[in-house]
Amino acid sequence: MRYGRGNLSEMIVLHGSGQISVRGCLGVLQYSPEEVKLSMKTKDLILTGERLVCVSFSNRTVTLKGRIDGLCFVEKELIP
Amino acid sequence: MKFPLFLLGSLTLTVPADRVPQVLSVCMARGLSVSHFQNRADGGISFRCPLFSAAGLLRELKEREIEVNVRRAGLPYWLYTHRKRWGLLAGGLCAIALFWLSAHFLWSVKITGNESLTPTKIKELLAAEGLEVGSYLPGLRMNEIETRVLIRSDELAWISVHLEGTVAVVQVIEQKTPPESKTSPANLVAARDGQIEYLELYRGTPMVKTGQAVRAGDLLVSGVRDSQTVGFQVTRAAGKVLARTDREFTVKIPLTYEKKVYTGIKKGKITLQFFKFSMIFLENSGKDLPLCDIIEMKSSAERFGLSDLPVSVSREELRPYRWESAERTPEEALDLAYSELAQSLSGLSSEIRILRKDLSTAISDDALILTCHLYCLEDIAEQIEFEAELS
């Protein structure tokens, strides 16, 4: 599943329910095995699941693995 | 990814749980590529990033008062911790230099296509023109070497030399000489005394008959024919003349003889051969030994399946000896005599048929004499050419 929001620098690629790549991150707001909150350009993205672990990130692209139960967009928070 | 990180060096950062978002955000803002993420039991994480990009990261984390645990790894760090060990550095540089240098020298010569010529002979021809193990490769001109080898050798019709890395592959084709067709006139004469049993004539005029006794040198078949109509004609006489012959072999074995007795083994020279260079490690030439046998043993990397390596170690073994007078029993002398006789008989042509063999022995004061009388049936015809002027 791919998701792009018009702005081509942002993209979310979900591989089944085990891996997700998010391009266009501006920062990490929260990181735990159950919840990861990423700061995007217009909204923040919350990923929930179990045993979430970052596999790699480079050049504003984060790849996470684990059991992904859900993702949702919320209003932006300022990056600390 | 692991090997480049090792070459360039890396930092492994361990971040406590409450600082993970800030550290990851800083990494993201700086555009760092990180890997080897691990979640820790206490909620923290650890990850690895290249050394060259970590300096700025650590500085920024320090400014933000974020404490992280840092562990350095990789080749630059290893070199830094071993910077005072000059031997390691020198050894490493020597190894690199050796690898580089060795690619410029010939390691092996492989010969293919030879039939009667031995590889050793061909290698000698090549070595005379400058191509041998240890030759400096950039200085070799293969076309010139091929031409000079062909000029030097009458036995080669064609040769090709090309390099496969540091191995010279040599292909040869040997000269094939067509069989000579002999047309000059010849007689058949008796090679030895005998009584003629059978005459098989192909060409020429027979001068003997079955049952006739002949002596060595007698004319058996003449190459000259007196034609009643056209005068004398010459031809190359050919045929078989089987005759009964006898041969005698005598073997004399002295009962008293000088025996070589070794008095010990001493280590001689040990030489390391590397390409064309040799280095002597131990030198004991044995000059103070009046009589000794010198045995040279060469060991190479063949036993390890590395037959092409131009490295070998040769060891000399000195075995001093003295001569002592010894005696043989008649039985020992007889055994020795029989073995020498067998050796002599093995030199006879396989076409000689032995009809009877008579053996006799005699013992004198100082020797045993074994006499063997052979009665044979053999072809005694020998072609002897002669010159004829045809008018």
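Cut-offs used in this document
- Residues numbered from 1 in each chain as written.
- Chains lettered and ligands numbered in written order.
- Predicted model: local features only at pLDDT ≥ 70, side-chain atom pairs only at ≥ 80, totals over all residues.
- Heavy atoms only, no water.
- Helix = DSSP H or I, 4+ residues; strand = E, 2+ residues; numbered from the N terminus.
- Buried < 20%, exposed > 50% of the residue type's maximum accessible area, 1.4 Å probe, protein only.
- Contact = heavy atoms within 4.5 Å.
- Areas by Shrake-Rupley, 256 points an atom, 1.4 Å probe, with all protein chains shown as cover.
- Lys, Arg positive; Asp, Glu negative; His and termini not counted.
- Salt bridge = Lys/Arg side-chain N within 4 Å of Asp/Glu carboxyl O.
- Polar contact = N/O pair within 3.5 Å; in protein donor to acceptor, adjacent residues only side chain to side chain.
- Pairing = 2+ DSSP bridges.
- Axes fitted to C-alpha atoms, helices over the stretch in contact; angles between N-to-C directions.

## What to know about the overall build of chain A
Step number 1: Check the secondary structure of chain A and you find zero helices and seven strands.
Step number 2: Taken from N to C terminus, the helices and strands of chain A fall in the order β-β-β-β-β-β-β.
Step number 3: By residue count, 40% of the 80 residues in chain A fall in the buried class.
Step number 4: Considering only intrachain contacts with a sequence separation of at least 6, the fraction spanning at least 24 residues in chain A is 41%.
Step number 5: Surface summary for chain A: the accessible area is close to 4,200 Å², and the carbon and sulfur share equals 54%.

## Focus on the overall build of chain B
Step number 1: A tally of regular secondary structure across chain B gives eight helices and 23 strands.
Step number 2: A burial count over chain B gives 32% of its 391 residues as buried.
Step number 3: Of the contacts formed within chain B by residues at least 6 apart in sequence, a portion of 68% connects residues at least 24 apart.
Step number 4: Accessible surface for chain B amounts to roughly 25,200 Å². Of this, 53% is attributable to carbon and sulfur atoms.

## Some thoughts on the side chain of Ser10(B)
Step number 1: Within the element layout of this structure, Ser10(B) appears in strand β1 (residues 10-15).
Step number 2: Classification of Ser10(B) by relative accessible area gives buried; the value is 3%.

## A short note on the side chain of Glu174(B)
Residue and element names in this part refer to chain B.
Step number 1: With respect to the helices and strands, Glu174 occurs in strand β7 (residues 167-174).
Step number 2: For the buried residue Glu174, which engages in no salt bridge, the nearest side chain bearing the opposite charge is Lys176, 6.3 Å off.
Step number 3: A polar side-chain atom of Glu174 sits 2.6 Å from the main-chain amide nitrogen of Glu115.
Step number 4: Among the polar contacts listed, one links the side chain of Glu174 to the backbone nitrogen of Leu117, at a separation of 3.0 Å.
Step number 5: Each residue touching Glu174, except ones within four places of it in the same chain, is listed here: Asn114, Glu115, Ser116, Leu117, Glu155, Leu156 and Ala157.

## Some points on the environment of Glu296(B)
Residues and elements named next belong to chain B.
Step number 1: Within the secondary structure, Glu296 is located in strand β19 (residues 292-300).
Step number 2: Using a relative accessible area of 56% as the deciding quantity, one classes Glu296 as exposed.
Step number 3: In this structure, the C-alpha to C-alpha distance between Glu296 and Leu318, residues 22 residues apart in sequence, is 8.9 Å.
Step number 4: Aside from chain neighbours lying at most four places away, what touches Glu296 is Ser314, Arg315 and Glu316.

## Re the sheet that holds strand β21 (residues 353-363) of chain B
To summarise the sheet geometry, strands pair through backbone hydrogen bonds and adopt either a parallel or an antiparallel arrangement.
All names here are of chain B.
Step number 1: Strands sit in the order β11-β9-β15-β22-β21 across an open sheet of five strands; the sheet is antiparallel. The strands lining the two open edges of the sheet, one partner per strand, are β11 (213-214) and β21.
Step number 2: The sheet contact formed by strand β15 (residues 238-254) and strand β22 (residues 367-379) spans 13 bridges and is antiparallel. Residue Glu248 lies in a different strand from β22, and its bridge partner there is His373.
Step number 3: Against the sheet, helix α8 (residues 330-346) engages β15, β21 and β22, with an angle of about 155 degrees to β15.

## Focus: the pairing of β1(B)
All names here are of chain B.
Step number 1: With six of six residues buried, β1 lies mostly within the body of the structure.
Step number 2: Pairing analysis gives five bridges linking β1 to strand β4 (residues 69-73), with the strands arranged antiparallel. Counterpart to Leu13 in the pairing with β4 is Val70.
Step number 3: Of the pairings in the sheet, the one linking β1 to strand β3 (residues 45-50) comprises six bridges and is antiparallel in character. Across the sheet, the residue bridging to Thr12 is Arg48, located in β3.

## Let's talk about the pattern of salt bridges
Pairing of side chains with opposite charge becomes possible as their charged atoms draw close.
Step number 1: Counted according to the given criterion, the structure contains 21 salt bridges over all chains.
Step number 2: Between Glu378(B) and Arg192(B) there is a salt bridge; the shortest N-O distance is 3.9 Å. Separated by 186 residues along the polypeptide, Glu378(B) in strand β22 and Arg192(B) in the loop between β8 (186-190) and β9 (194-203) bring together distant segments of the chain.
Step number 3: Across the pair Glu378(B) and Arg247(B) runs a salt bridge, and its minimum N-O distance is 2.8 Å. With Glu378(B) in strand β22 and Arg247(B) in strand β15, this residue pair connects regions lying 131 residues apart in the sequence. Both residues of the pair, Glu378(B) and Arg247(B), belong to the buried class.
Step number 4: Within the structure, one salt-bridge network assembled from shared partners comprises Glu50(A), Arg51(A), Arg67(A) and Asp69(A).

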